[in-house]
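# Geometric and topological summary
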Amino acid sequence: MTDTGPKVSTRGRSAPPTDPRPRTGPGTDLERGDVVVELRGTEVPPEEDDTALTGIVSSAMLMHAVSALVGLGVIDALADGPLPLTDLARRLQVEEDRLLIVVRPATVAGLLRENGPDLFTLSPSGERLRADDPSGLRDLFHMCTYGDFLQAWTHLEEAIRTGRTAFELHTGRELFGYLGDNREEATIFHRAMNASAPVPALLERADLPHQGTVADLGGGEGAALATILRARPHLEGILFDLPEVVEGAAPLLRAEGVDRRCTTVGGSFFDRVPPGADVYLMTRVMQNWSDADALRILRNVREAMHDTSRLLITGHLPERERPSRYLEAMSLSMFVLYGAPLRTSERYEELFHRAGLTLRAVHRVPEGESIMDVRRAP
Ligand SMILES: C[S@@+](CC[C@H](N)C(=O)[O-])C[C@H]1O[C@@H](n2cnc3c(N)ncnc32)[C@H](O)[C@@H]1O
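In short, a report on the structure. Owing to the predicted nature of the structure, the values given are computational and were not obtained by experimental measurement.

### Remarks on the overall build of the chain
- A count of helices and strands for the chain gives 18 helices and 10 strands.
- Looking at the chain residue by residue over its 378 residues, the buried ones come to 29%.
- In the chain, 61% of the contacts between residues at least 6 apart in sequence involve partners at least 24 apart.

### Points about the site of the ligand
- If you check the shell around the ligand, you find 17 residues, and the closest are Met193, Gly218, Gly220, Ser268 and Thr283.
- A breakdown of the residues in the shell around the ligand according to their chemical character gives nine nonpolar, six polar and two charged.

### Re the environment of leucine 69
- Looking at the element boundaries, leucine 69 is found in helix α1 (residues 51–72).
- With 23 C-beta atoms counted inside 10 Å, the residue leucine 69 sits in the buried group.
- Between the alpha carbons of leucine 69 and leucine 99 there is a distance of 8.8 Å; along the sequence they are 30 residues apart.
- Setting aside residues up to four positions removed in sequence, leucine 69 forms contacts with Val74, Ile75, Val102 and Ala106.

### What about the sheet that holds strand β3 (residues 119–122)?
- With antiparallel pairing, three strands are arranged side by side in an open sheet as β1-β3-β2. Each edge of the sheet is formed by a strand with only one pairing partner; in this case those strands are β1 (83–84) and β2 (112–116).
- Where β1 meets β3, two bridges bridge the pair, whose relative direction is antiparallel. When the bridges of β3 are listed, proline 84 appears paired with leucine 119.
- The strands touched by helix α4 (residues 96–108) are β2 and β3; relative to β2, the strand with the most contacts, the crossing angle is about 100°.

### With respect to helix α17 (residues 325–338)
- With 14 residues, α17 should cover 20 Å at 1.5 Å per step; its first-to-last C-alpha distance of 20 Å lies within 8% of that length.
- Buried residues of α17: Val336, Leu337 and Tyr338, and no others. Around the axis of α17, the buried residues are gathered within 160° of arc, so they sit on the same side.
- Of the residues one or two after α17, glycine 339 is the one with positive phi, at around 80°.

### A closer look at the pairing of strand β4 (residues 212–217)
- Bridge count for β4 against strand β5 (residues 235–241) is six bridges, and the pairing is parallel. Looking at β5, one finds that leucine 217 is bridged to phenylalanine 240.
- Where the polypeptide runs from β4 across helix α13 (residues 223–231) and back to β5, its parallel neighbour, the crossover connection is right-handed.

### Some points on unusual backbone geometry
- One non-glycine residue, glutamine 93, lies in positive phi territory at about 55°.
- Turning to its location among the elements, glutamine 93 is positioned in the loop between α3 (85–92) and α4.
- By the C-beta count within 10 Å, which is 9 here, glutamine 93 ends up exposed.
- Even without being a glycine, glutamate 367 presents a positive backbone phi close to 70°.
- Mapped onto the fold, glutamate 367 is located in the loop between β9 (357–363) and β10 (370–376).

### Notes on the sheet that holds β10
- In spatial order, the strands read β6-β5-β4-β7-β8-β10-β9; together these seven strands make up an open sheet with mixed pairing. Each edge of the sheet is formed by a strand with only one pairing partner; in this case those strands are β6 (262–266) and β9. When the angles between neighbouring strand axes are averaged without regard to direction, this sheet yields 20°.
- Here β9 pairs with β10 via six bridges, running antiparallel. Residue leucine 359 lies in a different strand from β10, and its bridge partner there is valine 374.

### Structural notes on the pairing of β10
- Pairing geometry for strand β8 (residues 310–315) and β10, over five bridges, is antiparallel. Residue pairing across strands places isoleucine 313 opposite methionine 372, the latter belonging to β10.
- Counting the residues in the hairpin turn of β9 and β10 gives six residues, including glutamate 367, whose phi is positive at 70°.

### Quick word on the nonpolar core
- Core analysis: the biggest nonpolar cluster contains 62 residues, and Leu217, Ile228 and Tyr280 have the highest contact counts within it.
- It is α13 that contributes the most residues to this core, six residues altogether.
- Inspection of this core shows a minimum of three residues originating in each of domain 2 (137–191) and domain 3 (197–376).
- Ranked by size, the runner-up nonpolar core spans 16 residues in total, among them Val102, Val103, Leu111 and Phe120.

### Quick notes on the environment of leucine 317
- By the element assignment, leucine 317 lies in the loop between β8 and α17.
- Remark: the alpha-carbon pair of leucine 317 and valine 362, spanning 45 residues in sequence, is separated by 9.7 Å.
- Those residues in contact with leucine 317 that sit more than four places away from it in its chain are Thr344, Ser345, Arg364 and Ser370.

Parameters at a glance
- Residues numbered from 1 in each chain as written.
- Predicted model: local features only at pLDDT ≥ 70, side-chain atom pairs only at ≥ 80, totals over all residues.
- Helix = DSSP H or I, 4+ residues; strand = E, 2+ residues; numbered from the N terminus.
- Buried ≥ 20, exposed ≤ 12 C-beta atoms within 10 Å, placed from the backbone.
- Contact = placed C-beta atoms within 7 Å.
- Near = placed C-beta within 6 Å.
- Nonpolar A, V, L, I, M, F, W, Y, C, P; charged D, E, K, R; others polar.
- Pairing = 2+ DSSP bridges.
- Axes fitted to C-alpha atoms, helices over the stretch in contact; angles between N-to-C directions.
- Expected span 1.5 Å × (residues − 1).
- Arc of directions from axis to C-beta.
- Right-handed = clockwise from strand over helix to strand, strands pointing away.
- Core = buried A, V, L, I, M, F, W, Y, C linked by C-beta atoms within 7 Å.
- Domains from an automatic or database assignment.

And the structure:
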């Protein structure tokens, strides 16, 4: 056979969608051993070839590479600028070739860049994984890839079949009860929450008052409330969460210099909520509960509100007409951890109506945490 040079396959075009492997052998363009080159610009949409699936398979593996990358200290070592592989390996005390095993995939994943041969630096996305990055994504990533939080996902199929919560199937406990008895996991969970509290949107869009009282319900260790109180020096705060959680809040509130303006109250919003605040805040709380539980909480909040109180609920709000990969994944995550997928604002409106509340406004943050401004129904 005369060598006419490598034949080229534009993957997905030369094979039907049901069998996306490049065909070789008689009657096809390709012979075994031909070089397959992808042509950019002629690619077909991912759903028509195998890239959607290979992307998902790769992500499952790359997630662990990123976890190892952070654990080995690669991100922190590159925080001050590019380093040659040799220096990186020496600094981390890891053998060079083995280090490359996680460094190379991280460049393909877009977290690292290779500026020159074996010279690595953080990409803008990689910067988000730095310990001092304000996005909090590193702590959130750590939680998602750690121990029982990660392993609970293996029960998703059973959870769908039975309606039980994957986290409970895995650990035998509902998440917040489990956290009460597992210090290490509780620390990881609350660190992830503290680091990623969605406060900038609240301050920019929710028209928070400058005076009066804000009660943060399910406020965790107070990271969101502390930031709000710092930005509003005449506002008073009430931090409300489970007793074992608010017990751990003092150091953060003191460090932020707001402890004198903030009362901590331990309790359950299934029993009662501190009455009479001007603003009730629930950040990333309502999405943790089934409709029946959410209704009980909302009725208790309504009971505590006075006529002009506002209830500000923040959380992801998927939109059916604008499906988002990220929000669909977050919805799955809520289902795995808490047994309740994300709700649309329309679903929330139904719950508000049943609880004697009314939705006044929605401040949408696409892909982020939106804010619903809720009042007592007349
Ligand atoms: C997903 S975290 C959100 C924490 C915080 N609001 C934030 O955005 O970072 C949910 C919070 O609800 C609290 N929580 C769970 N059950 C509760 C209950 N029955 N009463 C009050 N708080 C509760 C948890 O302890 C946790 O701090």
